[in-house]
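# Report on the structure
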Amino acid sequence: MKKIVISCVCFLIANTAFSQIQYDFNKFTPLASIGTLPNEVTMKGGDFMLSSKKNIDKKGNKRTKKKFVLHSSYAVKDIFNNGRVLYNDPISEYVEKVRKEITKSDPQLASETKIYVIKSSVVNAFATNQGYIFITTGLLSQLENEAQLAFILCHELMHYKMKHAVIEYVQNDQIDKNKGPFRKSEIDSKYLTKAHYSREYETEADLTGFDLYAKTSYSMDVLDGLFDVLKYSKSPFEEIEFKSKDLLETNYLVFPKDFIRDKVDEITGIDEDTDDSESTHPNLKKRRTDIADKIAGLGSEDNSRTRSAYVVSENTFLTARAMARFDLCHTSLINCTYDLAIYQAYCLLKEYPNNTYLEATILKGLYGLTKYNIGNRLEEVCYSPNTVQGEMQRLTALLKRLTKDEMNVIALNYAWRLKTKYKNNNNEVNLITADLFECLVSQYPDKSVFSLTPMDVVKTDIVSAPDTVAKPKESVENAELSSLKNNGPNYVERILKIGDKDYFLTYAFVDLLKDQTFVKTYDSLTQKINNKKMDLIW
């Protein structure tokens, strides 16, 4: 279960065409807008500001409200033009159908509001004074069912209907200028006063939003789960045990046991009963209790209503959520959160095995990590294991302990297998593989450092050899290595090199060195490097 932050600000989503979505995820491409741009995008800034005035009450604080129209119009216009809002795509069409379903009891609200979706990993929903409700793909990826989506929309629609944005703006302006009832406010109390009123508006949006929700046919049983979604909002959209054998290891490339954590930190989520005196939102415990009380107070007349977690379509919800999750993999790559992209794709592969898009996502993540690691900048694109909880921590801890050479070899091993699987028909995979190969050969131009014989056979030969045969370097677990473990992340490189009998990376290409194409590529790159050296000498 995951997250949703419900606020009274602005983000995005758009309108599209769904019904029962039949989508081939093997051909998935990042979400994109389709067709004609809406008026909100093509309208000039001045005209957009004039249209925004229609929703403003003309009574009192005219100067402050004029400033609000100016600031909010440019802010919302900027959102529409930032390149991440979706128009006329399938997800937007589906969410629009849910909006129409929940506003059947309020035709005016239905006519004044629009839904838009934004490509963003932030799990959030926002409302603007112009009547635009914005939802992120991050939010959609976390929800458990359509009814939870409906409640979020009800909450945001009430922010619009109650005019919370403009009221809060005027109120904050008075607080800042010590006007009206805030004339004698202490400077250090202004922030707390603003937070207090913001919490009031969030509570009001929850309660009035529930009243709108109660008029629909959506289930009441799923609403408590929505607060669980909020509680675990910092976590990835799924929690699946990470097994390196399923992803990065082969029959010959096997990580030492101490590379993989035995245990990971439990996902605790945010504190439900935290002190919210300085927060813009009431804590989760209060919100959960308020909605439980509203459900309990529905009365016997509600018992006759047939309710369901899905009113528009269960199939369409699940497909839309999957599309949002697939797109989040791309967003994570764009944000250079490569370990997160790898884990997201890994989770999705459990449901969509052998998916080309997901496998390519993992390769791109490994490639990004390798290049940053080579440049001694891995910390910029890989979370610290101490900041991650759950199964993703197991992956992150593994990635953080790999040396440059280890990461390069592991990435190339994965890349070459994809290249072979796709029969050279994927240009992205081919280009990444070529660069990873060149990086490796520039470091190890002699392929003989990699063993042609599996580790278990080599060790058997060593054990049966006569005492006069030279013994190999001690195990990775020897005392010398143990004494160096606190001397930096690349301590392994200080004693072990590819070619050592006990070094797991030595056996990474046992099977690939029997692939003539792999061998020819290695030899060709070696020759290329040698020619460059000769050119430098001359």
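Scroll up to find the structure this text is about.
Summarised in this report is the structure supplied together with it. (Residues numbered from 1 in each chain as written. Predicted model: local features only at pLDDT ≥ 70, side-chain atom pairs only at ≥ 80, totals over all residues. Heavy atoms only, no water.)

## Details of the packing of aromatic side chains
Here a ring pair, both rings aromatic, is described through the centre-centre distance and the interplanar angle of the planes. Applying the stated criterion to the full structure yields 37 aromatic pairs. Between the aromatic rings of Phe48 and Tyr132, the centroid separation amounts to 6.3 Å while the plane-to-plane angle is 15°, which identifies the pairing as stacked. With Phe48 in helix α2 (residues 45–52) and Tyr132 in strand β5 (residues 132–136), this residue pair connects regions lying 84 residues apart in the sequence. Residues Phe48 and Tyr132 agree in their burial class; the two are buried. Ring centres of Phe255 and Phe259 lie 6.2 Å apart, and the angle between their planes is 15°; this geometry places the pair in the stacked category. Note on Phe255: relative accessible area 7%, which makes it buried. Looking at Phe259, the relative accessible area reads 4%, which means it is buried. Grouping aromatic residues by their ring pairs yields a cluster made of Trp416, Phe437, Tyr444, Phe450, Phe509, Phe518 and Tyr522. Of note, Lys231 hangs over the ring of Tyr232, and the distance from its end group to the ring centre comes to 5.8 Å. (Phe/Tyr/Trp six-rings, centres within 6.5 Å; stacked < 30°, edge-to-face > 60°. Helix = DSSP H or I, 4+ residues; strand = E, 2+ residues; numbered from the N terminus. Buried < 20%, exposed > 50% of the residue type's maximum accessible area, 1.4 Å probe, protein only. Lys NZ or Arg CZ within 6 Å of the ring centre and 35° of its normal.)

## Describing the environment of Lys371
Within the secondary structure, Lys371 sits in helix α15 (residues 356–374). On the accessibility criterion, Lys371 (34% relative accessible area) is partly exposed. Sequence separation between Lys371 and Met407 is 36 residues, and the spatial gap between their C-alpha atoms is 9.3 Å. Residues within four places of Lys371 in sequence aside, it is in contact with Asp435 and Cys439. (Contact = heavy atoms within 4.5 Å.)

## Topic: α15
In this model α15 runs 27 Å from its N-terminal to its C-terminal C-alpha over 19 residues, within 8% of the 27 Å that 1.5 Å per residue would give. With a side-chain oxygen positioned 3.0 Å from the backbone nitrogen of Tyr357, the residue opening α15 is Asn355. Positive phi shows up at Asn376, right after α15, with a value of about 60°. (Expected span 1.5 Å × (residues − 1). Polar contact = N/O pair within 3.5 Å; in protein donor to acceptor, adjacent residues only side chain to side chain.)

## With respect to the environment of Ser451
Its place among the elements puts Ser451 in the loop between α18 (427–443) and α19 (455–464). If sequence neighbours within four positions are ignored, Ser451 has contacts with Val458, Thr506, Tyr507, Phe509, Val510 and Leu513. From its side chain, Ser451 meets the backbone oxygen of Thr453 in a polar contact 2.7 Å long.

## Here's the deal with empty space enclosed by the protein
Enumeration according to the criterion identifies 2 cavities of 30 Å³ or more in this entry. Of the pockets and cavities examined, the second largest cavity occupies roughly 30 Å³. Those elements that provide at least two residues to the lining of the second largest cavity are α4 (90–102) and α13 (314–334). For the lining of the second largest cavity, the element with the most residues is α13, which contributes 3 residues. Each residue belonging to the lining of the second largest cavity can be placed in one class, and the counts come to 5 nonpolar, no polar and 1 charged. (1 Å grid on protein atoms, 1.4 Å probe; cavity = no way out; pocket = protein on both sides within 12 Å on 5 of 7 lines; lining within 4 Å. Points joined across faces, edges and corners; volume = space filled by probe spheres on them. Nonpolar A, V, L, I, M, F, W, Y, C, P; charged D, E, K, R; others polar.)

## A look at the environment of Met49
In this structure, Met49 sits in helix α2. Residue Met49 is classed as partly exposed on the basis of its relative accessible area, which comes to 22%. Between the C-alpha atoms of Met49 and Ser72, which are 23 residues apart in sequence, the distance is 8.6 Å. Setting aside residues no more than four positions away along its own chain, Met49 makes contact with Val69, Leu70 and Ser73.

## Quick word on α4
A turn of α-helix holds 3.6 residues, and therefore any two residues three or four places apart point the same way. With 13 residues, α4 should reach 18 Å at 1.5 Å per residue; the first-to-last C-alpha distance of 19 Å fits that figure. Of all 13 residues that make up α4, 10 are buried, and the element is covered over most of its length. Buried within α4 are the following residues: Ile91, Ser92, Glu93, Tyr94, Val95, Glu96, Val98, Arg99, Glu101 and Ile102. Put simply, Asp89 is the residue that caps the front of α4, since its side-chain oxygen is 3.2 Å from the backbone nitrogen of Ile91.

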